[in-house]
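A structural walkthrough
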Amino acid sequence: SFHSGLDMRASIKTEVLTIFAGKVEKVTKTYGGGNTIWIDHGNGIKSVYMHLYSTGVSEGQMVKQYDVIALSGNTGANTTGPH
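Residues numbered from 1 in each chain as written. Predicted model: local features only at pLDDT ≥ 70, side-chain atom pairs only at ≥ 80, totals over all residues. Heavy atoms only, no water.

This part takes up the overall build of the chain. Looking only at helices and strands, the chain has zero helices and seven strands in total. Starting at the N terminus, the α and β elements of the chain follow one another as β-β-β-β-β-β-β. At 12 Å, the chain has a C-alpha radius of gyration in line with the 12 Å of a compact globule built from 83 residues. Across its three principal directions, the C-alpha atoms of the chain cover 30 × 25 × 20 Å. Every one of the 83 residues in the chain was classed for burial, and the buried ones make up 30%. The long-range share in the chain, meaning contacts at least 24 apart out of those at least 6 apart in sequence, stands at 51%. Accessible area for the chain stands at about 5500 Å²; split by element, carbon and sulfur atoms hold 53% of it. (Helix = DSSP H or I, 4+ residues; strand = E, 2+ residues; numbered from the N terminus. Rg over C-alpha atoms; globule rule 2.2 N^0.38 Å. Buried < 20%, exposed > 50% of the residue type's maximum accessible area, 1.4 Å probe, protein only. Contact = heavy atoms within 4.5 Å. Areas by Shrake-Rupley, 256 points an atom, 1.4 Å probe, with all protein chains shown as cover.)

Another point: the sheet that holds strand 3 (residues 34-42). Strand order in this open sheet of four strands is 4-3-2-6, and the pairing throughout is antiparallel. Only two strands of the sheet have a single neighbouring strand rather than two, namely strand 4 (45-52) and strand 6 (62-63). In this structure, strand 3 lies alongside strand 4, joined through six bridges in antiparallel fashion. Its bridge partner being in strand 4, W38 is matched across the sheet by V48. (Pairing = 2+ DSSP bridges.)

To continue, consider the environment of V24. Among the secondary structure elements, V24 is positioned in strand 2 (residues 22-30). Taking relative accessible area as the criterion, V24 reaches 2% and is therefore assigned buried.

Residue position: H83 is located in the segment after strand 7 (68-71). Looking at H83, the relative accessible area reads 16%, which means it is buried. Within the structure, the side chain of H83 is placed 3.5 Å from the side chain of D7, a separation counted as a polar contact. A polar side-chain atom of H83 sits 2.7 Å from the main-chain carbonyl oxygen of G81. Those residues within four positions of H83 in sequence are excluded, and the remaining contacts are D7, M8, R9, A10, M50, H51, S72 and G73. (Polar contact = N/O pair within 3.5 Å; in protein donor to acceptor, adjacent residues only side chain to side chain.)

A few words on unusual backbone geometry. With a phi angle near 70 degrees, K13 is a residue other than glycine that sits in the positive phi range. Within the secondary structure, K13 sits in the segment before strand 1 (15-17). Here Y66, not a glycine, exhibits a phi torsion of approximately 75 degrees, which is positive. Here Y66 shows up in the loop between strand 6 and strand 7.

Rendered as structure tokens:
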């Protein structure tokens with residue numbers, strides 16, 4: 001179904017890079033989103049990375065732009081394929 005996110009197709013276990021520098025706010029697993037990372041970039045800007053095969057960061061960790069934070073996957077209930 002429609003959502004306001006951007007799905008980027010990728011093979012399972014493709015490196016996922018953060019779009020901007022920031023602080024890892026939450027690393028969790030949810031029913032719909034599977035393995036998920038939330039990053040706070042400041043100034044009200046946050047990014048969320050869902051359906052991950054695995055995560056490579058911890059809550060509270062500072063990341064730089066383009067750091068590898070996870071591997072892409074197909075986890076969670078609301079997905080139609082690896083991305």
